[in-house]
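Reading the structure
Residues per chain, in single letters:
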Amino acid sequence: MSEQATAIDRAPAPSGAAAARKVETVSWVLLALAIAGLPFFGSVYTLYMACLIGINVIATVGLNITVGYTGLLSVGHSAFLGVGAYVSALMWLHLDTPLALNIVGGAVAAFLVGIVFGLPALRIKGVYLAIATLAAQYMLYFVFQQWTPVTGGDRGLSLPKIDVFGLGDDGFYYVVAGVAFVTTLAARNLFRTRVGRSFIAVREKDYASEVLGINVVATKLVAFGLGAAYAGAAGALLAVFLRIVNPDQFTLQVSIFFLAAVVVGGRASILGSILGALFMTLMPEFLRFGLETAAGPGADLAGLLSPLREIIFGALIIGFLIFEPRGLVGLLRRAFGQVEEIDANSEH
Amino acid sequence: MSLFLEFSLVGLASGGIYVLAALSFVIVFKATNVFNFATGEMMMLGAYLFFFFDRQLGMGWAGGLVLALVAAALVAMLTERIVLRPLVGRPHIVLVMVTFGVASVFRGIAGLIWGPNNQQLTELLPRTPLFLGDVLIPGKLAWGFVAAGVVAALFIAYYRFSRAGTAIRATSTDQVTAESLGINIGFVFLLSWGLAGVLAATSGILAGSVNGVTPQLGLVALNVLAVVMLGGLTSVGGVVIGGLVIGWLETIVGAYLGAAWQSFIPYLVVLLVMFVRPTGLFGENRVQRI
């Protein structure tokens, strides 16, 4: 709420908001420093998790653009990750293009595919569009799985190891961190531009924004495609990171994972996307660690872990939607004493 | 040709199970405007409850069936009361997202209690195949279709002619007016979720008695949404036809193109329908466009 409010209000900012702006700048700098310094004191495992978090942050920010800021429910986000992963992997394998180009290629491909599946938005809205994205999920999965000559079918594509800047794993970590940082910052600034504001306007009242001269259909398509493009970039990084691309990485459950990250972090908040992705990526690790500590060594927990994960996923979605619609960001703001009224009508 | 006829009949028969699940979905959507993505999980849970009462507690299939349906209704009503009631008045997108949470919790609970493997339910339906001329229909499918038909007919009759059914229909037409005319909206919400629970559980038990049940049954059952979109979100008659069409289509596609195409074709149909006629074949024109 306050993020949009400060963006939209042109009135002189009260001192509280100015302080908040300063806090925000400082936290971005601290974040950059923390990201840059991590390889110097992090273990291999930390670095691995950091890469995963970075990739998930990119994808979550993308989904938040579509779902949180523009109010278009997408339940097929992981399929767009898949498009990015396959396209970039194929570019690499067949054209031997550099990593930067592969990432861009994955993002562009996902953007285009996202636009195609966003087309139903021309005629329909709300839950109907959610079904269109569900269709995207199933149809793209089908293509990944069945177009064996290109995608390798169920076995997928294997990728060689990459060495960026001659730094080994650290090098790839910096790539992920860099892309995550730039895309996140870009998304944050997007909502200070005309295009970004029109996303929010369309979410609030689409017919009113049409009257105000916003091309609602184009705005929805761009918001949809942009969210998918973020997913595509994340997918391209995921392909390099895991060195394998197969259909089972891009199922409906993965889409629900990102939806949960958006809800838990905070809808229509970039900081929320970061927190949500962080929390949801680490949660299974904490869960595993907690269970292993509780059960002692040697216990077979594999059967427990995945159902418990699903229960916690679901409970987090339900709990945050009911009790803290602003997500972790809302909790954080309240902890720092920024009072805000939660108004169901202004919610999206 | 007779092979095609056979596949068609088998397909229509398997569509009967879809019809029940789709009815479960439609009644919730009509009465409460909630797009329930957890319908498939309610099917799955119903099948497991039957397994639990019948096999694990050893109550026999008749007692198990009754208790499973009652328990499924209770679970659905609790879901309404605990999860959806606090969200009344919140935007659509929130109501949809929360059903994903419910689905995930149900899946997790089933996985925790019954494990990931396929559990065989008591075979409620006779195996002996039916012959129509020289066309053979597997007995379970045929009788499953009959059972689904009976339940669907009972439900539709209740929905059309009973006082409670009228209240649900009034609420779905205009909540505010219904409330001001003395209809207890809270009761209608609870009732429609309870009915939805029973319908979904019946559908799940029928599906489970053919193929067994796993925690993933609910995800498979998302095809039901294709049915609903095809028939129109708000039309009870429409989903009956939609269910039969999707069941038929799946079987024909599976038989001639291979099983992998089965989960793909229904969604292709849905996308096409939405491009051409967003309200579905029989839906009310509730879709807003811009």
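Residues numbered from 1 in each chain as written. Chains lettered and ligands numbered in written order. Predicted model: local features only at pLDDT ≥ 70, side-chain atom pairs only at ≥ 80, totals over all residues. Heavy atoms only, no water.

1. What to know about the overall build of chain A
- The number of helices and strands found in chain A is 15 helices and two strands.
- Scored against the burial criterion, the 348 residues of chain A give a buried share of 54%.
- Considering only intrachain contacts with a sequence separation of at least 6, the fraction spanning at least 24 residues in chain A is 75%.
- Summing over all exposed atoms, chain A offers an accessible surface of approximately 14800 Å²; the carbon and sulfur share of this is 69%. (Helix = DSSP H or I, 4+ residues; strand = E, 2+ residues; numbered from the N terminus. Buried < 20%, exposed > 50% of the residue type's maximum accessible area, 1.4 Å probe, protein only. Contact = heavy atoms within 4.5 Å. Areas by Shrake-Rupley, 256 points an atom, 1.4 Å probe, with all protein chains shown as cover.)

2. Some remarks on unusual backbone geometry
- A positive phi angle, close to 60°, is found at A:Arg243, a residue other than glycine.
- Within the secondary structure, A:Arg243 is located in the loop between α11 (216-242) and β2 (244-245).
- Look at B:Asn33: it is not a glycine, yet its phi comes out positive at around 65°.
- Tracing the sequence through the fold places B:Asn33 in the loop between α1 (2-32) and α2 (39-56).
- The partly exposed category is assigned to B:Asn33, whose relative accessible area is 29%.

3. Remarks on the UniProt feature "transmembrane region" (unreviewed entry) in chain A
Residue and element names in this part refer to chain A.
- With numbering matched to this structure, UniProt assigns "transmembrane region" (unreviewed entry) to residues 25-41, 99-119, 126-144, 171-191, 212-242, 254-280 and 301-323.
- The span residues 212-242 is 87% helix and 0% strand, and its two end C-alpha atoms sit 46 Å from each other.
- As annotated, residues 301-323 comprises 96% helix and 0% strand, and the C-alpha atoms at either end are separated by 31 Å. (UniProt positions renumbered as here; feature names shortened; annotations may be inferred.)

4. Focus: the UniProt feature "transmembrane region" (unreviewed entry) in chain B
All names here are of chain B.
- The feature "transmembrane region" (unreviewed entry), as given by UniProt, occupies residues 6-27, 34-53, 59-79, 91-114, 141-161, 181-207, 219-246 and 253-276 in the numbering adopted here.
- Secondary structure content for residues 59-79 is 95% helix and 0% strand, and the end C-alpha separation is 26 Å.
- With 96% helix and 0% strand, residues 91-114 has end C-alpha atoms that lie 35 Å from one another.

5. A word on a nonpolar patch on the surface
Residue and element names in this part refer to chain A.
- Side chains of Val26, Val29, Leu30 and Leu33 sit close together on the surface and give an oily, nonpolar patch of about 380 Å² of accessible area.
- As for its placement among the helices and strands, Leu30 is situated in helix α2 (residues 15-41).
- Looking at Leu30, the relative accessible area reads 52%, which means it is exposed. (Patch = residues over 30% accessible without salt bridge, like charges linked within 9 Å, V, L, I, M, F, W, Y side chains within 5 Å. Salt bridge = Lys/Arg side-chain N within 4 Å of Asp/Glu carboxyl O.)

6. Focus: the pattern of salt bridges
All names here are of chain A.
- Across all of its chains, the model carries six salt bridges over all chains by this definition.
- One salt bridge connects Arg288 with Glu285, and the closest N-O pair in it is separated by 2.9 Å. Remark: Glu285 and Arg288 occur in helix α13 (residues 270-295); sequence separation between them is three residues, near one turn of the helix.
- On the basis of relative accessible area, Arg288 is assigned to the partly exposed category, the value being 30%.
- A salt bridge links Arg288 to Glu292, with the nearest nitrogen and oxygen atoms 3.9 Å apart. Remark: Glu292 and Arg288 occur in helix α13; sequence separation between them is four residues, near one turn of the helix.

7. Regarding the interface of chain B and chain A
- Contact with chain B, which involves 46 residues of that partner, is made by 51 residues of chain A.
- Linking chain B with chain A are one salt bridge, by the criterion used here.
- Note that A:Glu310 is salt-bridged to B:Arg107, the shortest N-O span being 2.9 Å.
- Counting across the chain B and chain A interface gives three residue pairs in polar contact (both at pLDDT 80 or more).
- For the side of chain B that touches chain A, the elements supplying multiple residues, two or more each, are α3 (60-84), α4 (92-114), α10 (223-231) and α12 (265-276) of chain B.
- Among the elements that make up the side of chain B that touches chain A, the one with the highest residue count is α4(B) (15 residues). (Polar contact = N/O pair within 3.5 Å; in protein donor to acceptor, adjacent residues only side chain to side chain.)

8. Considerations on the environment of A:Tyr173
Residue and element names in this part refer to chain A.
- Tracing the sequence through the fold places Tyr173 in helix α8 (residues 169-190).
- The sequence separation of Tyr173 and Leu38 amounts to 135 residues, and the corresponding C-alpha distance is 9.5 Å.
- Here Tyr173 is in contact with Ile35, Leu38, Pro39, Leu47, Ala50 and Cys51, once residues within four sequence places are set aside.
- Among the polar contacts made by the side chain of Tyr173, one reaches the main-chain carbonyl oxygen of Ile35 at a distance of 2.6 Å.

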